[in-house]
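# Structural features, examined
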Amino acid sequence: MSKTCEITGFTNSQQERWALTHGQLTSNSKSQTSEISSTVSEKLSKEVLQFISSQEVSKSITARKEGIIKDLKKRFDIKFRGSKLTTFGSSKSGLGLRNGDVDLCLEFTGEKPKKVLNKIARMLRDDGMEDVTLIAHAKVPIVKFVDQRSKIPIDISINNSLAIYNTKLLKAYSDCDSRVRPFVLAIKHWALHRGICNAAYGTFSSYAWTLIALQSLQTTKPPVVANIQQGSKRNLKVIEGTEYDLTMHDNPRTLLEENNSQSVGELLINFFESFSQNWPWDEKVISIRSGDMIARNKKKWKQQKPHILDAVIDENNLRLGKHSLPIEDPFDTLHDLSRVLRPEGAMDIREEFLRAFKILNEGGNWNKLTKTKFPELVNDSPNTDLFEDLRMMESQDVKDKLGELQSELSVLESELEIRNNERKNAIDMSKALRKNAELQKEENKIANTLKPRREKIEQVKKQRDSVNNNYIPVYWIENEMSKVFERLTEQVDLMRVPSLQKEKELFSWFFELQSMYEHSKKTRELHNEFKKLLREQKNALSELENVKDSGNDISVFGDFANFDELAHKLLLEMNPMHNEKRKLKREIGRLEAWLRISSRKNSPKERFNNKKRSGRRNYTKKRNDINMAEVKSRAASGGALSLSDLDALLNSGGISSITNQQSNGSNRDKKKSKKKNISPHRGNRGRSRKNI
Ligand code: UTP
Ligand code: MG
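Bear in mind the structure is a predicted one, so any value in this text is a computation, not a measurement.

### Side note on the overall build of the protein
- Across its full length, the protein carries 24 helices and 9 strands.
- Taking all 692 residues of the protein together, the buried fraction comes to 40%.
- Within the protein, contacts between residues separated by at least 24 positions form 70% of all contacts whose residues are at least 6 apart in sequence.
- Working note: accessible area of the protein is about 40,900 Å², and carbon and sulfur atoms make up 50% of it.

### Describing the packing of helix α3 (residues 38-54) against helix α8 (residues 180-193)
- Where α3 meets α8, the axes come as close as 10 Å, and the angle between the chain directions of the two elements is 85°. Considering the angle they form, α3 stands roughly perpendicular to α8. Counting all contacts with α3, which are made through V48, L49, F51 and I52, the residues of α8 involved are R181, P182, L185, A186 and H189.

### Quick notes on the sheet that holds strand β3 (residues 130-135)
- Strand order in the open sheet formed by 5 strands is β1-β2-β5-β4-β3, with mixed pairing between adjacent strands. Edge strands, defined here as strands with exactly one partner in the open sheet, are β1 (84-88) and β3. Averaged over all neighbouring strand pairs, the angle between strand axes comes to 20°, with direction disregarded.
- In the packing of helix α6 (residues 113-126) onto the sheet, the strands contacted are β2 (102-107), β3, β4 (142-146) and β5 (153-158), and the crossing angle to β5 comes to about 150°.

### Quick notes on the site of ligand 1
- Every one of the 15 residues lining ligand 1 counts as a neighbour, but S90, D101, D103, N166 and S206 are closest to it.
- Contact distances for ligand 1 include 2.6 Å between an oxygen atom and a side-chain N or O atom of S206.
- Here an oxygen atom of ligand 1 sits 3.3 Å away from a polar atom, N or O, in the side chain of H335.
- Here ligand 1 loses 80% of its free accessible area of 560 Å² to cover by the protein chains.
- Contributing elements (two or more residues each) for the shell around ligand 1: α7 (161-176) and α9 (206-219).
- For the shell around ligand 1, the leading source of residues is α7, giving 3 residues.
- Residues belonging to the shell around ligand 1 are distributed by class as follows: 4 nonpolar, 8 polar and 3 charged.

### Let's talk about the pattern of salt bridges
- For the structure on display, the rule yields 28 salt bridges.
- When the shortest N-O distance is used, the salt bridge between K171 and D175 registers 3.0 Å. Taken as a pair, K171 and D175 lie in helix α7 at a separation of 4 residues, close to a single helical turn.
- The partly exposed category is assigned to K171, whose relative accessible area is 34%.
- On the accessibility criterion, D175 (41% relative accessible area) is partly exposed.
- Notably, a salt bridge pairs K401 with E587, separated by 3.7 Å at the nearest N-O pair.

### Quick notes on unusual backbone geometry
- Note the cis peptide between K221 and P222, where omega equals -15°.
- Mapped onto the fold, P222 is located in the loop between α9 and β6 (236-239).
- Here K305 and P306 are connected by a cis peptide whose omega angle stands at -5°.
- Mapping P306 onto the fold places it in the loop between α11 (296-299) and α12 (308-313).
- Backbone geometry places K151, a non-glycine residue, at a positive phi of 65°.
- Among the secondary structure elements, K151 is positioned in the loop between β4 and β5.

### As for the coordination of the magnesium ion (ligand 2)
- For the magnesium ion (ligand 2), every protein donor is listed as D101 (OD) and D103 (OD), and the spread of their distances is 1.9 to 2.1 Å.
- Assessed through its relative accessible area of 21%, D101 is described here as partly exposed.
- Owing to a relative accessible area of 11%, D103 belongs among the buried residues under this scheme.

### Notes on the pairing of β6
- Where β6 lies against strand β7 (residues 242-245), 4 bridges are found, and the strand directions are antiparallel. For V238, the partnering residue across the bridge sits in β7 and is E243.
- Once β6 ends, the chain turns through 2 residues before running back antiparallel as β7, passing E240 with a positive phi of about 50°.

### Some remarks on the packing of aromatic side chains
- Tallied over the full model, the rule gives 23 aromatic pairs.
- Between F387 and W594, the ring centres sit 5.3 Å apart and the planes meet at 35°, which makes this aromatic pair tilted. Of this pair, F387 sits in the loop between α14 (366-369) and α15 (395-467) while W594 sits in helix α18 (residues 560-602), and the two are 207 residues apart along the sequence. Pair check on accessibility: F387 and W594 agree, each one buried.

### Some words on the environment of T247
- Along the chain, T247 turns up in the loop between β7 and α10 (264-277).
- For T247, a relative accessible area of 3% corresponds to the buried category.
- Taking C-alpha positions, T247 is 9.4 Å from L169, a pair spaced 78 residues apart along the chain.
- Setting aside residues up to four positions removed in sequence, T247 forms contacts with I228, Q229, Q230, K233, R234, N235 and F331.
- At 2.8 Å, the side chain of T247 forms a polar contact with the backbone nitrogen of N235.

### Some words on the nonpolar core
- Among the nonpolar cores identified, the biggest contains 69 residues, and W190, F204, W209, F272, W281 and F353 are the most heavily contacted of them.
- Residue contacts for W281: discarding those within four places in its chain leaves F204, I212, F275, I286, R296, S324, L325, P326, I327 and F353.
- The next biggest cluster of nonpolar side chains, apart from the first, holds 25 residues, and it includes I68, I69, V143 and I152.

### So, a nonpolar patch on the surface
- Together, Y201, F374 and L377 give the surface a local cluster of nonpolar side chains, amounting to about 290 Å² of exposed area.
- Within the element layout of this structure, Y201 appears in the loop between α8 and α9.
- Using a relative accessible area of 53% as the deciding quantity, one classes Y201 as exposed.

### Details of the packing of α3 against α10
- Contact pair α3 / α10: the axes reach a minimum separation of 7 Å and the direction vectors enclose 110°. Our classification of the angle between α3 and α10 gives roughly perpendicular. Contact residues: α3 offers S41, L44, S45 and V48, while α10 offers V264, G265, E266, L268 and I269.
- The residue makeup of the contact of α3 with α10, split by class, is 5 nonpolar, 3 polar and 1 charged.

### Some words on the confidence of the model for the protein
- With 83% of its residues at a pLDDT of at least 70, the protein reaches an overall mean of 85.
- Considering only residues more than four positions removed or in separate chains, one finds that residues 614-623, a stretch of pLDDT under 50, has 11 contacts.
- Predicted confidence for residues 659-692 stays below pLDDT 50, and this span has 40 contacts to residues more than four positions away or in other chains.

Cut-offs and rules
- Residues numbered from 1 in each chain as written.
- Chains lettered and ligands numbered in written order.
- Predicted model: local features only at pLDDT ≥ 70, side-chain atom pairs only at ≥ 80, totals over all residues.
- Heavy atoms only, no water.
- Helix = DSSP H or I, 4+ residues; strand = E, 2+ residues; numbered from the N terminus.
- Buried < 20%, exposed > 50% of the residue type's maximum accessible area, 1.4 Å probe, protein only.
- Contact = heavy atoms within 4.5 Å.
- Areas by Shrake-Rupley, 256 points an atom, 1.4 Å probe, with all protein chains shown as cover.
- Axes fitted to C-alpha atoms, helices over the stretch in contact; angles between N-to-C directions.
- Parallel < 35°, antiparallel > 145°, perpendicular 65-115°, else oblique.
- Pairing = 2+ DSSP bridges.
- Near = heavy atom within 4 Å.
- Polar contact = N/O pair within 3.5 Å; in protein donor to acceptor, adjacent residues only side chain to side chain.
- Nonpolar A, V, L, I, M, F, W, Y, C, P; charged D, E, K, R; others polar.
- Salt bridge = Lys/Arg side-chain N within 4 Å of Asp/Glu carboxyl O.
- Donors = N, O, S within 2.8 Å, 3.2 Å for Na, K, Ca; no water.
- Phe/Tyr/Trp six-rings, centres within 6.5 Å; stacked < 30°, edge-to-face > 60°.
- Core = buried A, V, L, I, M, F, W, Y, C linked by side-chain atoms within 4.5 Å.
- Patch = residues over 30% accessible without salt bridge, like charges linked within 9 Å, V, L, I, M, F, W, Y side chains within 5 Å.
- pLDDT = per-residue confidence, 0-100.

See below:
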């Protein structure tokens, strides 16, 4: 069991982690007096200003950022008609570090914000952007991603208009005094590198640190900046149904009564001293809107339970009561920026203030003060040089890497092909099964006609046979009848008059034939119908055979829903593989481009062109005809030189090259060092916009 402190309740490891805070909470003398000399503050000022100059955003980064924004704008214009994309945050206020993100706000009311963000996330993933994350449950939902080429992080929010206004406010503060920017950036850099500037990890956001820094500049004596939100004429505006007071003074510099002449170093020392020695948040709320911290009571932001110390002692508690280290948003005054804090994060913040002041008290420097605590959380350098990692590599190594990637790509492509074929088969199977199901219906329909027809056939056959079992063809009866009729009606030969008996027989035969004719006609009709039904039945049976033949015997494979599922599963499997393929192709393209560029740079033609470009014109040929070693030895010994000797000598490094040559040894070494100078990592090409 680890030992706990009786006063703070901290375990051993907590006492170690927050040693300075623990010390302060358990000692009687609360505050440590500042013994920081003017030398330390001067040195700090110098170091900070030097650091600030290193934070200038390079042209290539600016160009890349602009490129990304332009590209997104174009895509959004098509996807979200009538939308507007606005940049806000530090890249707009000027209070950004060189590794700061780009904050973008898409103003669009055509669809629900979360749906829009979902669509954006999908689009970015399809584009192969890295680390695309949708943070849907934050106060302001955003999509975060990292530009895969430059590693610049980008946040996109929807209809976040208030942030556009507070960015304007921060910019106005930055414009008030030349010390604002270095002061704020120094604090942001310190907080970032000490691991206390990450809302997602339960510490303050970058924006919150900016507000803390500005409050410090408002409250130092005399103030460096005045409260810009003051003025009798108020600017009230309704945004998304809520009214906000967006007043900003037109000329804030005129608001200061006294001039503050402290250096940035002194201002920073004051800052760390006041927060470490007089922890303000027990009683106060940071409020740049008021120009000074305001009392918790007045703001009605009482610290809610669990309090920080209780929360960290309770191992199971990850939650912190509301208004722990309250910071009021300058426009959205109901918003407390400390709502993101977690118990350990709040403790870390306090510890870091104490550490910073201790280091400064001990005469420590800027590097020590801002020593990176969690390197993995700090992205210090957006990369705009597409070939940075390749410049120092041997060309053979690049070729080997290219070969590896190419074989990786071909494996991936064949895996994709296999899956694609499997998917096609699954779709075909599903279709076939679907068709079978339709055919089955058809088959049933036909089969259903067979039985009634068969019954009908039986019935007709019976009728036909019952009418005349001894079927005599009608045509024969008709012939016979006409013959009898003729006999009965022909002219009588007086010499051969038929006997009465004979005539009676003929008449009765005729009547017999007549009756037979009636029967036979009926039989013929029934027989015809019988034949027709038989034909129909035969057709139906052969149709049935056809339907059966055109079906596929694949029912053993299951139902088509399974194949649909399989096709969908394969598609899901293929999506990340397609992304991977795109990535590999991009990387292969990059390596190939580098090999092309570097081989061009080292080719004799390129060297020749480079010389032409640098104004040395084509004396090369002439110089090649001259024996440089002989010219140099003549020059060294004071011998006579012609004009072309002199030109060749100047082009090969001038008089100094004679001594260099003498002291550096062989010509071969010389050649070697010259070759180095035209290696691909030198010169303008590597830095040109093309490489961005
Ligand atoms: P960031 O935290 O990115 O701050 O919030 P930043 O000022 O841009 O700092 P870096 O350089 O990226 O680290 C971006 C913007 O979002 C708004 C502010 O306008 C802020 O400038 N914001 C942020 C809020 O309005 N409220 C918040 O709680 C956080
Ligand atoms: Mg930002």
